[in-house]
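So the chains spell out like this:
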Amino acid sequence: MVYVISDLHGYPLSRFKMLLKKAAFNSEDELYILGDVIDRNGDGGVEMLLWIMGQDNVHMLLGNHEAMLLSCEFILDEVTEENINTLTSAENMELLNNYMLNGGDVTLAALKNIPRRQQRKIFEFLRNCPLYEEIAVDEKRYLLVHAGLENFSPERSPSDYTAEELLWAWPELTDKYYGDIVTVFGHTPSMSYGETFRGKIIKTDTWIDIDVGAAYGEEPVLLRLNDMKEFKLDG
């Protein structure tokens, strides 16, 4: 079985494991997490990241929040007389301030509490997370990506899109994507399309939005692509 979920944003690992248990997820299954594991809540997703890194059948795509964290990798460098001007440059401070304003403060605080070796392994792991994956489930094709396809054209293949177009897209309900492959993404909380969608996955003919608003207190929904069954813990 193949499962997808997105935008956990610091969701507690203990509850996430309960959700996987509810879905009977096991070592024979595959799970794709479509980015934005980190920031906004709890420990900022640091414990979740460390768990993901140890799972052979859990695959993570890069989200815009992970990309923002990567842009602040300079925080790992020790400050010396030689590099202090570079580390505290206006450009770096702007990147760090932007990240903090987008919920990165809790993540940075949690990173400080783990060994430097683990910090560097997390950054290395995130640098290797793909921007998208194309998979087949029971002969049906899916394109997995964090945010959708900004400036979409059926003439463009997924590899033609820039990182910004894949990480920061904000689709309209009326948008249509590829006709021969279903695009699955997060990033845009479903409640953004109206209160009737709050806490719910949105499915259209060509795409599925699985960000149900965990960043804002909603319980995340795990979607099994084989039969489109949804799993959610009680509030």
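Cut-offs used in this document
Residues numbered from 1 in each chain as written. Predicted model: local features only at pLDDT ≥ 70, side-chain atom pairs only at ≥ 80, totals over all residues. Heavy atoms only, no water. Buried < 20%, exposed > 50% of the residue type's maximum accessible area, 1.4 Å probe, protein only. Helix = DSSP H or I, 4+ residues; strand = E, 2+ residues; numbered from the N terminus. Arc of directions from axis to C-beta. Contact = heavy atoms within 4.5 Å. Salt bridge = Lys/Arg side-chain N within 4 Å of Asp/Glu carboxyl O. Pairing = 2+ DSSP bridges. Axes fitted to C-alpha atoms, helices over the stretch in contact; angles between N-to-C directions. Polar contact = N/O pair within 3.5 Å; in protein donor to acceptor, adjacent residues only side chain to side chain. Expected span 1.5 Å × (residues − 1). Bend = angle between axes of the 7 residues up to and from the residue.

Here we look at helix α1 (residues 13-22)
Every buried residue of α1 is accounted for by Leu-13, Phe-16, Leu-19 and Leu-20. All buried residues of α1 fall inside an arc of 110° around its axis, so they share one side. The exposed residues of α1 that point more than 90 degrees off its buried face are Ser-14 and Lys-21. Elements that come into contact with the buried residues of α1 comprise β1 (2-5), β2 (30-33), α2 (46-53), β9 (222-224) and β10 (229-231). Phi turns positive one or two residues past the end of α1, at Ala-24, with a value near 60°.

So, the pattern of salt bridges
As enumerated under the stated definition, the model contains 10 salt bridges in all. Where Arg-127 meets Glu-73, a salt bridge forms, and the shortest distance between an N and an O atom there is 2.5 Å. Here the residue Arg-127 occupies a position in helix α6 (residues 116-127), and Glu-73 occupies one in the loop between α3 (64-70) and α4 (84-87), the gap between them amounting to 54 residues. A salt bridge links Lys-203 to Glu-230, with the shortest nitrogen-to-oxygen separation between them at 3.3 Å. With Lys-203 in strand β7 (residues 202-203) and Glu-230 in strand β10, the pair connects residues that are 27 residues apart, well separated along the chain. Overall, Glu-230 belongs to the partly exposed group, its relative accessible area being 36%. Here the residues in one salt-bridge network are Glu-134, Arg-141 and Asp-180, joined through shared partners.

Description of the sheet that holds strand β5 (residues 140-145)
Strand order in the open sheet formed by 5 strands is β4-β5-β6-β8-β7, and the pairing between neighbours is mixed. Each edge of the open sheet carries a strand with a single partner, namely β4 (132-137) and β7. As judged from the 3 bridges shared by strand β6 (residues 182-185) and strand β8 (residues 207-209), these two strands associate in the parallel manner. Bridging from a neighbouring strand, Val-184 pairs with Ile-208 of β8.

A short note on the sheet that holds β2
The strand order across the open sheet built from 5 strands is β3-β2-β1-β9-β10, with neighbouring strands paired in mixed fashion. Pairing within the sheet leaves two strands with one partner each, and these edge strands are β3 (58-60) and β10. Across the sheet, the axes of successive neighbouring strands diverge by a mean angle of 25°, strand direction being ignored. By the bridge criterion, 4 bridges tie β1 to β2 in an arrangement that is parallel. Residue Val-2 lies in a different strand from β2, and its bridge partner there is Glu-30. Across the sheet, α1 lies against β1, β2, β9 and β10, angled at about 135° from β2, the strand it touches most.

With respect to the environment of Asp-29
Structurally, Asp-29 can be placed in the loop between α1 and β2. Classification of Asp-29 as buried rests on a relative accessible area of 5%. The spatial distance from the C-alpha of Asp-29 to the C-alpha of Asp-234 is 23 Å, given a sequence separation of 205 residues. Sequence-distant contacts of Asp-29, that is, excluding residues within four places in its chain, are made with Met-1, Tyr-3, Ala-24 and Asn-57. At 2.9 Å, the side chain of Asp-29 forms a polar contact with the backbone nitrogen of Asn-26.

Let's talk about the environment of Gly-44
Inspection of the secondary structure assignment puts Gly-44 in the loop between β2 and α2. Each C-alpha atom of the pair Gly-44 and Gly-10 lies 4.4 Å from the other, and the pair is 34 residues apart in sequence. Leaving out residues up to four positions away in the same chain, Gly-44 has contacts with Gly-10, Val-37, Ile-38, Asp-39, Val-106 and Thr-107.

A short note on helix α5 (residues 90-111)
Between its first and last C-alpha atoms α5 spans 23 Å; for 22 residues at 1.5 Å apiece the expected length is 32 Å, and the helix comes up short by more than 12%. Along α5, the sharpest kink reaches roughly 100°, centred on Gly-103. Of all the positions in α5, only Asn-92, Leu-96, Tyr-99, Gly-103, Gly-104, Thr-107, Leu-108, Ala-110 and Leu-111 are classed as buried.

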